[in-house]
Amino acid sequence: MLRIDRAIYDQIVAHARRDHPDEACGVVAGPEGSDRPERFIEMTNAERSPTFYRFDSKEQFKVWNEMWDRDEEPVVIYHSHTATEAYPSRTDVSYAKEPGAHYVLVSTRDPNIEEFRSFRIIDGEITEEPVEVIDGD
Amino acid sequence: MATEVRIPTILRNLTDGAKAVEGEGATLGELITDLDKRYAGIGERLLEDGKLRRFINVYLNDEDVRFLEGLDTPVADGDTVTVLPAVAGGMR
């Protein structure tokens, strides 16, 4: 199960909407081993494409290095699909190399319907999990 | 001559859970050969047909080695090598 604050959930959806029709991507970092997504980090889609995304390698280094210094890890890795459902594609699965991460997929195919789903992807195996959005005070 | 190598989560099963290890070598290629002697199997996870795997990013200090000299990139005492899985995907 993914538990995520409303504010971060909204930031992910807003980023996906803003970059539509290109795919948007990013991470939410949290303290190592905590499973708490706390620090929202929007990433550049180096492909700037409606069908593909890739973290810019230099930006990824900078962000991962910051996480290293702060004893954090990528708790959530998110990206959007702009014309298809919020479900990992074969390409997504082949690249999924963070067994501890929640892979969040947002679809922006319908401007009025929010599709936000979370998956574990381990050794090529996709497992969908419930998402609990925590409303702040 | 020792170089610190930062290991991503997915490879820590090969380093007894260590986040960072040390290796020796004058180039990145030699360093990976040395690491594979200490942590069997790590070479195969980084290389394919003698080249860096497509899904793996390797950085010398803060520079992606693909923009340096790849496996021939010289490494020195006190350098830090960081291994990160590339993050990518797409709708197909």
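Anyway, here's the lowdown on the structure attached to this text. (Residues numbered from 1 in each chain as written. Chains lettered and ligands numbered in written order. Predicted model: local features only at pLDDT ≥ 70, side-chain atom pairs only at ≥ 80, totals over all residues. Heavy atoms only, no water.)

### Some thoughts on the overall build of chain B
Then step 1. In terms of regular secondary structure, chain B is built from two helices and eight strands.
Then step 2. What you see in chain B, going N to C, is helices and strands ordered as β-β-α-α-β-β-β-β-β-β.
Then step 3. For a compact globule of 92 residues, the expected C-alpha radius of gyration is about 12 Å, and chain B comes in at 13 Å, within 12% of that figure.
Then step 4. C-alpha extents for chain B along the principal axes are approximately 45 × 30 × 25 Å.
Then step 5. Within the span of chain B, comprising 92 residues, buried residues form 49% of the whole. (Helix = DSSP H or I, 4+ residues; strand = E, 2+ residues; numbered from the N terminus. Rg over C-alpha atoms; globule rule 2.2 N^0.38 Å. Buried < 20%, exposed > 50% of the residue type's maximum accessible area, 1.4 Å probe, protein only.)

### Looking at the pairing of strand β2 (residues 25-31) of chain A
All names here are of chain A.
Then step 1. Burial analysis of β2 places six of its seven residues in the buried class, the great majority of the element.
Then step 2. As defined by bridge partners, β2 adjoins strand β3 (residues 39-43) across five bridges and the pair is classed as antiparallel. Looking across to β3, one finds that Val28 is bridged to Phe40.
Then step 3. The sheet contact formed by β2 and strand β5 (residues 72-81) spans seven bridges and is antiparallel. Residue Gly26 lies in a different strand from β5, and its bridge partner there is Tyr78. (Pairing = 2+ DSSP bridges.)

### Notes on the interface of chain A and chain B
Then step 1. The interface is formed by 30 residues belonging to chain A together with 25 residues belonging to chain B.
Then step 2. Interface area, chain A with chain B, both sides summed: about 2,600 Å², of which 59% is carbon and sulfur.
Then step 3. Looking only at chain A, the three residues that lose the most surface to chain B are Phe61, Trp68 and Tyr95 of chain A, adding up to 31% of its buried area.
Then step 4. Applying the counting rule to chain A against chain B returns three salt bridges.
Then step 5. Two residues, Lys19 of chain B and Glu32 of chain A, come together in a salt bridge whose shortest N-O distance is 2.8 Å.
Then step 6. Linking chain A to chain B there are 13 residue pairs in polar contact (both at pLDDT 80 or more). (Contact = heavy atoms within 4.5 Å. Buried area = accessible area lost by both parts, 1.4 Å probe. Salt bridge = Lys/Arg side-chain N within 4 Å of Asp/Glu carboxyl O. Polar contact = N/O pair within 3.5 Å; in protein donor to acceptor, adjacent residues only side chain to side chain.)

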